[in-house]
Each structure stands twice: as structure tokens, then as C-alpha cells.
Amino acid sequence: MWCQRLAWLLWGRRGTTGRRWPRLPRDPGPVLAAPARCHSTAPASPCCAWQLHQDHLELRYGSTVMRLDFVWLRDHCRSASCYNTKTNQRSLDTASVDLAIRPQAVRVDETTLFLTWPDGHVTRYGLEWLAKNSYEGQKQQVMHPRILWNAEIYQQAQVPSVDCRSFLETDEGLKEFLQNFLLYGIAFVENVTPTKEDTKIVAERISIIRETIYGRMWYFTSDFSRGDTAYTKLALDRHTDTTYFQEPCGIQVFHCLKHEGTGGRTLLVDGFHAAEQVLRQAPEHFELLAKVPLKHEYVENVGGCHNHMIGVGPVLNVYPWNNELYLIRYNNYDRAVFNTVPHDVVRRWYHAHRALTTELRRPDNELWVKLKPGKALFVDNWRVLHGREAFTGYRQLCGCYLTRDDVLNTARLLGLQA
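About the cut-offs
- Residues numbered from 1 in each chain as written.
- Predicted model: local features only at pLDDT ≥ 70, side-chain atom pairs only at ≥ 80, totals over all residues.
- Heavy atoms only, no water.
- Helix = DSSP H or I, 4+ residues; strand = E, 2+ residues; numbered from the N terminus.
- Buried < 20%, exposed > 50% of the residue type's maximum accessible area, 1.4 Å probe, protein only.
- Contact = heavy atoms within 4.5 Å.
- Areas by Shrake-Rupley, 256 points an atom, 1.4 Å probe, with all protein chains shown as cover.
- Salt bridge = Lys/Arg side-chain N within 4 Å of Asp/Glu carboxyl O.
- Phe/Tyr/Trp six-rings, centres within 6.5 Å; stacked < 30°, edge-to-face > 60°.
- Polar contact = N/O pair within 3.5 Å; in protein donor to acceptor, adjacent residues only side chain to side chain.
- Axes fitted to C-alpha atoms, helices over the stretch in contact; angles between N-to-C directions.
- Parallel < 35°, antiparallel > 145°, perpendicular 65-115°, else oblique.
- Nonpolar A, V, L, I, M, F, W, Y, C, P; charged D, E, K, R; others polar.
- Arc of directions from axis to C-beta.
- Pairing = 2+ DSSP bridges.
- Core = buried A, V, L, I, M, F, W, Y, C linked by side-chain atoms within 4.5 Å.

**Q** Hey, could you run me through the overall build of the chain in this one?
**A** The helix and strand tally for the chain stands at twelve helices and 23 strands. Residue burial in the chain is summarised as follows: out of 418 residues, 51% are buried. In the chain, of all internal contacts separated by at least 6 residues, the share reaching a separation of at least 24 is 71%. Per element, the accessible surface of the chain, about 20500 Å² overall, is 51% carbon and sulfur.

**Q** Can you help me understand the pattern of salt bridges in this one?
**A** Side chains carrying opposite charge are able to pair once their charged atoms draw close together. Enumeration over the complete set of coordinates arrives at 16 salt bridges. For E58, the salt bridge goes to R67, with nearest N and O atoms at 3.4 Å. Residue R90 pairs with D75 through a salt bridge whose shortest N-O separation is 3.1 Å. In this pair, R90 sits in strand β5 (residues 89–90) while D75 sits in helix α2 (residues 70–75), placing the two residues 15 residues apart along the sequence. Residue R90 is classed as partly exposed on the basis of its relative accessible area, which comes to 38%. You can call D75 buried: its relative accessible area is 11%.

**Q** Any chance you could explain the packing of aromatic side chains here in plain terms?
**A** Centre distance and the angle of the planes are the two values used to describe a pair of aromatic rings. Evaluation of the coordinates by the stated rule reveals 19 aromatic pairs. Ring centres of F177 and F181 lie 6.5 Å apart, and the angle between their planes is 10 degrees; this geometry places the pair in the stacked category. Taken as a pair, F177 and F181 lie in helix α7 (residues 171–184) at a separation of four residues, close to a single helical turn. Taken individually, F177 and F181 each receive the classification buried, so the pair is uniform in this respect. Here Y244 and Y298 contribute two aromatic rings whose centre-to-centre distance is 5.0 Å and whose plane-to-plane angle is 25 degrees, an arrangement assigned as stacked.

**Q** Can you help me understand the environment of D334 in this one?
**A** Checked against the element boundaries, D334 lands in the loop between β19 (324–328) and α11 (343–360). C-alpha of D334 to C-alpha of T243: the two residues are 91 residues apart in sequence and 7.2 Å apart in space. In contact with D334, not counting residues within four places along its chain, are T243, Y244, K295, H296 and E297. Within the structure, D334 has its side chain in polar contact with the side chain of N331 (distance 3.0 Å).

**Q** What should I look at first to understand the packing of helix α9 (residues 271–281) against helix α10 (residues 283–291) in this one?
**A** Describing two packed helices takes the angle between their axes plus the distance from one axis to the other. Between α9 and α10, whose axes approach to 5 Å, the crossing angle comes to 125 degrees. Taken together, the axis directions place α9 and α10 in an arrangement best described as oblique. Mapping the contact onto sequence places A275, V278, L279, R280 and Q281 in α9 and P283, H285 and F286 in α10. Of the residues contributing to the contact of α9 with α10, the split by class is five nonpolar, two polar and one charged.

**Q** Before we go on, may I ask you to explain helix α8 (residues 196–203) in this structure?
**A** For an α-helix, 3.6 residues make a turn, and residues three or four places apart therefore share a direction. All buried positions along α8 are accounted for by T199, V202 and A203. The arc that holds the buried residues of α8, viewed along the axis, is 100 degrees, so those residues lie on one side.

**Q** Could you clarify how one ought to interpret the pairing of β19 in this entry?
**A** Successive side chains on a regular strand alternate, one facing one side of the sheet and the next facing the other. Counting buried residues along β19, four of its five residues qualify, which places the element largely inside the surrounding structure. Examined bridge by bridge, strand β18 (residues 316–319) and β19 share four bridges and lie antiparallel to one another. Within β19, the residue paired with L316 across the bridge is I328. Count of turn residues in the β18/β19 antiparallel hairpin: four residues, of which N323 carries a positive phi of about 60 degrees.

**Q** Looking at this structure, I do not really get α10. What am I missing?
**A** Burial in α10 covers these residues: H285, F286, L288, L289 and A290. Packing partners of the buried residues in α10 comprise α9, β18 and α11.

**Q** What exactly am I supposed to notice about the nonpolar core here?
**A** Soluble globular proteins tend to bury their nonpolar side chains together. Within the largest apolar cluster, 28 residues are counted, with the highest numbers of intra-cluster contacts made by F167, F177, L178, V189, I206, F378 and L402. Of all the secondary structure elements, the ones that give two or more residues to this core are α6 (164–169), α7, β10 (186–190), α8, β14 (251–260), β21 (376–380), β23 (394–402) and α12 (404–413). Ranked by residue count, the leading element in this core is α7, at five residues. If you look at the next biggest cluster of nonpolar residues, it comprises 26 residues, including A274, L288, V292 and F338.

Nothing here speaks to function; it is geometry throughout.
Next comes the structure, spelled out in C-alpha cells:
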């Protein structure tokens, strides 16, 4: 069909003006004929065909059918006067582009789309670049490749820890660590000197430490020095941290410096794996958890600590163009009064929340790890829930939160997709 239309465009319209083109399937509106000069006279690639509409160019390249608005095509011009290729920053003033702009001429060869604008400016796009960066192309891609896991999957993968010296001193060790972290949402560094100072050095290898109401490097025992339940010996159910921040902390670092007693194992659960099961079994539950905003709250007035934090957001956060999950905000301890939806939504939300909780609490999704001095754990707080079993004796733990942007920046600079 596309080949027939392309042949009609190249040969059938010679000497004709003012005719309408055949309408493509799912075409939302009338199509205006373009002047003859808009059509390529050179043979086009058999895997590429195009058609001009009133306000956009319809382009097929391979199996991708793109609908590219003329304003978008002018705004994303990669010429030297419009775009800085060194920094990937736009030089063109978008507000200066006529919103009714149309190209004067369009030409397509086997690899490139050429557009000539009314002022004579020429824009060139590689067809592969368009297929990747168009809306239709992005719907077929994931932003962050991941391996979803339960306890068995993770254990069978035998994901290696990275030695501290290799992590600190070589790009290879750092890259291996970051690849593990990006894929699984957790990663370990072995043979770290069990001090807060050395833990800080390890953390700063990949990111700036994020200062919060808990300081930069936190260090605690079960001394009840803060209002948070973490400062006790009690068991903690699976949760993500800082749900009461408008932007929850991205990465958390744990390092057990000393434990003279029993218990205290750390629980890890891949929240994205659990959410994926909900999506498969009851997509209406997934959709509700991704749309309903919740408030999370934390208040403390202990010693010199006086804080009242409120964060708002849905339990599941997805990219709207491809429905890819990028953040789970799950903490039953910190969830505030549920007053953000009307009555007819409340019970449906509770059913959805129960479905997710059931998946998160399945024993086969639970990975239990005994943190020991020298073994630092990095957790993606936007993906992996953590908890702990109750413990006895004296237990010292230190750690910090890391800025997510800097971790991903480090990964990209090493050539990883992040």
C-alpha cells in the first residue's frame, strides 16, 4: 500500500494541482495537496515513503510510521545555527517559529529527510534518528533497561559484588557495579573499611551525597534518638524511604559497621517486579495506582529535630508515552490521610493497593541479606523496597542518600544506558 502511494506521489501527480491525496488509515482529518516542488524526484528507498498533510509530515521508515508536526520539525533542526552538538542544547528560539509554518520543499533519499523552509533555511534529519526520536519510536523503547527479579531469579543470576579497590580505582570495576545496579536496583561493594568515613568515600565515587533532614552521612543505633521507627530494634515491613519528600531520595547506601547480637537481616523486594504482576493480572489496578495522588507525612519533635514533611504523588509513577514504570512510592507507615479522591474511587483504590501489597509480600519475592561489616549495599529507592527483621544486641549502621541524577550521569559517561 505504501509503495503504491509512493509511486502515485512520484509519478501520478505530474502536472496536477489542487487534488487531494488518498487518505491513510486513521487519518484524523483532511489532507491538503502540496505543490509539486515538495516531492522528491529522486528514487526513494523502498523502506521509506512520505506524505504531506495540512500540519504534519507522515513518514514511514521501516516498520515505523511517524506523524511529525511541521513546528516540531523546525524546532528540532540540528543545523549549526539551531543546535549545539557539543552540549546537546537548542540554540533556536522556539517562540520565534511561526506556529503555522509549512516547508516549501521536502525531499527524502535513502537515509535523510531534507526540508526547506519559507526563509530558505534547510533542515536535515537522518531517518534513523527520526525513527528513534519520534513519538512513535519512543513508544517502542524503554528509557531504563532492567531485569525484574524475585529471590530465585536474583540468586540464580549470581550477580557478583565488586571489590572496593576495583570500584574506587578502575573504570572497569565502577562500570560493572553500575551495570548491576541499573539492571537489578541493588548492588554490593565488598571489603569496605567499616567506618563512616570510608563509607562516605565509597558513596562519593558515584554521586554527590544528598543532604536531608537526617544530615549527609547518617549513623544510628537503636537509641530512639529520632522519631523514625528505624531508630529502634523492631522489625520493619518493606517500604521505600522519604515518601514524604516531594522528590523521594533516589539511592540509599547501607553499611553495617557492627552487630553484637542476633537477627537484623535486611529484606529487599523488587517493587517493579511486583507491580508488573499486578499489571498482568489486573491492569485496572495498575492504572488506578498510577493515577491516584496520595499524601505521605512525617512529623518529629525529638531533641533538636523539628520537622514536618509532606510529599504528594501516586504509588506508581510511569512515563505516559510508553507506560514504563520509573518510581514506586510505597510506605504504609508514612501514608497520610487518604483524602485526595471522591468516595466512588476510594474502595477501588484499596482493592488495587491490596493487590500490590499481596505481590510485595509474597515469600518468593523476598530477598534476605545479612549485612556485615565491610559489605556496603546500594539500593535504588525508586524501585527496590527494603525492610528488616527484629534484632537483639548492639547494632551500628551508617549510610546516606545519593542524588539520582549524579548516579545516572556517572553511568552515562561510562557508556551505559541510564
